[in-house]
Amino acid sequence: MEAIQTNAIDAFTTIFRRDLKLAMRRRSELVNPLAFFVIVVSLFPLGLSADSNMLLRVAPAVLWISALLATMLSLESIFRSDYEDGSLEQLVLSHHPLPVIVFGKIAAHWCTTGLLLTLISPALGISLAMPTENLGILLWTLLLGTPTLSLIGSIGVALTVGLRRGGILLALLILPLYIPILIFGASAVDMAMHKLEVAGQLYLLAALLALSLTLAPFAASAALRVTLE
Amino acid sequence: MMKFIHRFASPREFFRISGRLLPWLASLTLLLMLIGLYLGLLVAPPDYQQGESYRIMFIHVPSAWMSLFVYTVMAGAAAIGMIWRIKLAHVVAMNSAPIGASFTFLALVTGSLWGKPMWGAWWVWDARLTSELILLFLYLGVMALYAAFEDRRTAQRAAGLLAIVGVVNVPIIHYSVMWWNTLHQGPTVSKLDAPSIHLSMLVPLLVMTVAFTLFYVVVLLMRTRWEIIDQERRSNWVEEFLEQT
Amino acid sequence: MAAQPETRVESPRLVVDAVKGARGDRVLFEDLSFALHDGQLLHITGPNGSGKTTLLRVLCGLLAPLEGVVRWRGQDIRSSVSRHRLESTYVGHRDGLKAELTAFENLQIVARLCGCPDGEGIDDSLRLLGLWEQQDIMVGHLSAGQRRRLALGRLILKPALLWILDEPFTAIDVAGREIIEAQLIRHLEDDGIVVLTSHQALVHSKLRDHCVTVSLQ
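Given the structure is predicted, the values throughout are model-derived calculations rather than measurements.

Trainee: Residue-level account of the overall build of chain B, with values.
Mentor: Across its full length, chain B carries eight helices and zero strands. Along chain B, helices and strands appear, N-terminal first, in the series α-α-α-α-α-α-α-α. Taken along the three principal axes of its C-alpha coordinates, chain B extends 60 × 40 × 30 Å. For chain B, with 245 residues in total, the buried portion stands at 45%.

Trainee: Can you tell me about the sheet that holds strand β5 (residues 75–76) of chain C, naming the residues and giving the values?
Mentor: Residue and element names in this part refer to chain C. Read across the sheet, four strands follow the order β2-β1-β4-β5 without closing on themselves; strand pairing throughout is antiparallel. Sheet topology places β2 (26–36) and β5 at the edges, where each strand pairs with a single neighbour. Bridge count for strand β1 (residues 14–23) against strand β4 (residues 67–72) is five bridges, and the pairing is antiparallel. Looking at β4, one finds that V16 is bridged to V70. Packed onto the sheet, helix α1 (residues 52–60) meets β1, β2 and β4 and runs at close to 50° relative to β2.

Trainee: Provide a residue-level description of the sheet that holds strand β9 (residues 211–215) of chain C, including the pertinent values.
Mentor: Residue and element names in this part refer to chain C. Reading across from one edge, β6-β7-β8-β3-β9 is the order of the five strands in this open sheet, with parallel pairing throughout. What marks the edges here is a single partner per strand, and that holds for β6 (88–91) and β9. Neighbouring strand axes in the sheet, compared pairwise and without regard to direction, differ in orientation by 15° on average. Of the pairings in the sheet, the one linking strand β3 (residues 41–45) to strand β8 (residues 193–197) comprises four bridges and is parallel in character. Bridge pairing links H43 to L196 in β8. Set on the sheet, α1 makes contact with β3, β6, β7 (162–166) and β8; between it and β7 the angle comes to about 155°.

Trainee: I'd love a proper account of the interface of chain A and chain B, names of residues and values included.
Mentor: Every contact between the two is made by 26 residues of chain A and, on the other side, 26 residues of chain B. Both sides of the chain A and chain B interface together cover about 2,200 Å² of buried area, and 85% of this is carbon and sulfur. There are two salt bridges connecting chain A and chain B. Here A:E229 makes a salt bridge to B:R157, at a shortest N to O gap of 2.6 Å. One can count one residue pair in polar contact (both at pLDDT 80 or more) joining chain A with chain B. For the side of chain A that touches chain B, the elements supplying multiple residues, two or more each, are α8 (135–160), α9 (167–193) and α10 (199–227) of chain A.

Trainee: Can you lay out the environment of C:V139 for me, pointing to particular residues and giving the numbers?
Mentor: Residues and elements named next belong to chain C. For V139, the location among the structural elements is in the loop between α4 (120–128) and α5 (144–151). The spacing of V139 and L207 is 68 residues in sequence and 30 Å in space, taken between C-alpha atoms. In contact with V139, other than residues within four places in its own chain, are L97, K98, A99, L101, T102, A103, N106, R147 and L150.

Trainee: Let's hear about unusual backbone geometry: which residues, and what values?
Mentor: Phi at A:K195 takes a positive value of approximately 60°, unusual for a residue other than glycine. Locating A:K195 in the fold gives a position in the loop between α9 and α10. The exposure class assigned to A:K195 is exposed, which follows from its relative accessible area of 64%. Even without being glycine, C:D31 reaches a positive phi, approximately 55°. Residue position: C:D31 is located in strand β2.

What counts, and where the lines are drawn
Residues numbered from 1 in each chain as written. Chains lettered and ligands numbered in written order. Predicted model: local features only at pLDDT ≥ 70, side-chain atom pairs only at ≥ 80, totals over all residues. Heavy atoms only, no water. Helix = DSSP H or I, 4+ residues; strand = E, 2+ residues; numbered from the N terminus. Buried < 20%, exposed > 50% of the residue type's maximum accessible area, 1.4 Å probe, protein only. Pairing = 2+ DSSP bridges. Contact = heavy atoms within 4.5 Å. Axes fitted to C-alpha atoms, helices over the stretch in contact; angles between N-to-C directions. Buried area = accessible area lost by both parts, 1.4 Å probe. Salt bridge = Lys/Arg side-chain N within 4 Å of Asp/Glu carboxyl O. Polar contact = N/O pair within 3.5 Å; in protein donor to acceptor, adjacent residues only side chain to side chain.

Pasting the structure below:
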């Protein structure tokens, strides 16, 4: 029994490192979500106005919604290519617990998208006239929120990976589930800018993260077993 | 007990028993709806603040309740189908989705009709209406996923899994939207939380709720029967049944 | 289905009992039963669309049979999953290789996931498969036949009793075929079990000695 458990940790690190290596080799997968994030954010001043008061008011929502969409568009990379080349079958058939493998893939996905989005978000915050003292809270909310986006998203991708055109369907399945994270994340940034207490939202974001950490890998594994049949 | 459930859950038994029940249930539904509408539209007094316009509540409130109830039933049936591998449960779950979505849509439309005289606008981002809108998205997701697969078994289980994920999220979404609403708009005048609702209004409301629930059961039975006939069209008993009718 | 030699006393390792498989509404096979003992090769034949791949996916546990059970060491593979997983290797018609990794890296991942030690095993398999020279080439740049051979590397790396192979000889040249046949024979002589689909008849006499056939319509 002990041997199998250490194996499960090995399986996690193997999959995690494999997916990181693959992401490094397909540069576009790393760069595209970031570029998308930057472009969408820069559309807002063009569509609204360059007035810094106006930008300041919409900044939390703009940053959060753009990060959410960028994550959503990158979700397919969790399972799509593995499905197409047959690796996913092999992973499902491995004797390791599937949730562990799925968790490794989600963790790698977050490191290559959500984490990077979080890291460049202060620069975009500045471009939307956010005061520097509020950039910290923006980082914190994204740091707590984007892993949840990857976790919940993995369920959606697992459900649609067998379909030839899963893209728009994936958005329809996943976006409603993202709403609580958007609400707490964006409002925390907004309230911090009004000098209000935001610990509550951060706790709620952390609670959502904990909940999805425990449930999402299992749900995604169950979904994979169904769609791979 | 399980034996009994499996027996009833066999398509053939279900078809036989539901066929006997349907006419009775349908008549009862119609009767209760007429009573409810009569009591609600003609007997109940006008509201001292909202006048006659509040009467849409007798449709709006039951539909809103049904939208949540049906979602729960759908997820529950899907879970039963996944755990005990009961075909019929999957059929029930997937046929609940469009009915639930219709109730949700009805709740949204009546809510906006009701909102017009109250708020002066067809749509206000009120917490209840917003939650209802998101619930409609959840229903549409389940239906779209079900429609996307060619293989019926895969479709049932994939969409069922999504319904289960959704049902975990419904309370989270609901409370986050409530919280968001108080944050941005301050507490709005709540429509139902009046200190006490007068008995002459409560009775038609309850009658309508029972009628809506029965209506759901009747439509669900009918849809399930059609699907069973379609699924089992190659088996002997269906051929016998079709020859008789 | 060929009759079992009567001298065998031990119970069969793999038992397929009244299995039904379908794609969509179309039933592909029904009430299909057979049993395999150690050292046997099962060749599943049949025209395109007859359900060969579906049957293989049922045998490896990816697909639940609509009816019936598949037993491995007497236990239903759907309920006692880990034993069957640990002791079987499936090579599907998709290779399960990452195009952006080298041949060596691909085998490295296979080795790590099945818990075998790195290093020697991988080198040996690359040599056996005739891919030693190509080990540092990205799999995306290998030919279809080379990829197919590399995919079969997981058979050599993972010490599994049951091999389930979907069209292992597709796109493979004569030399490659000989390499694979040699591996199959070695596995069967070590009392392993092989289940495969192939359009080509098995020509090697040693393989034919071990072979039983199931034909799907």
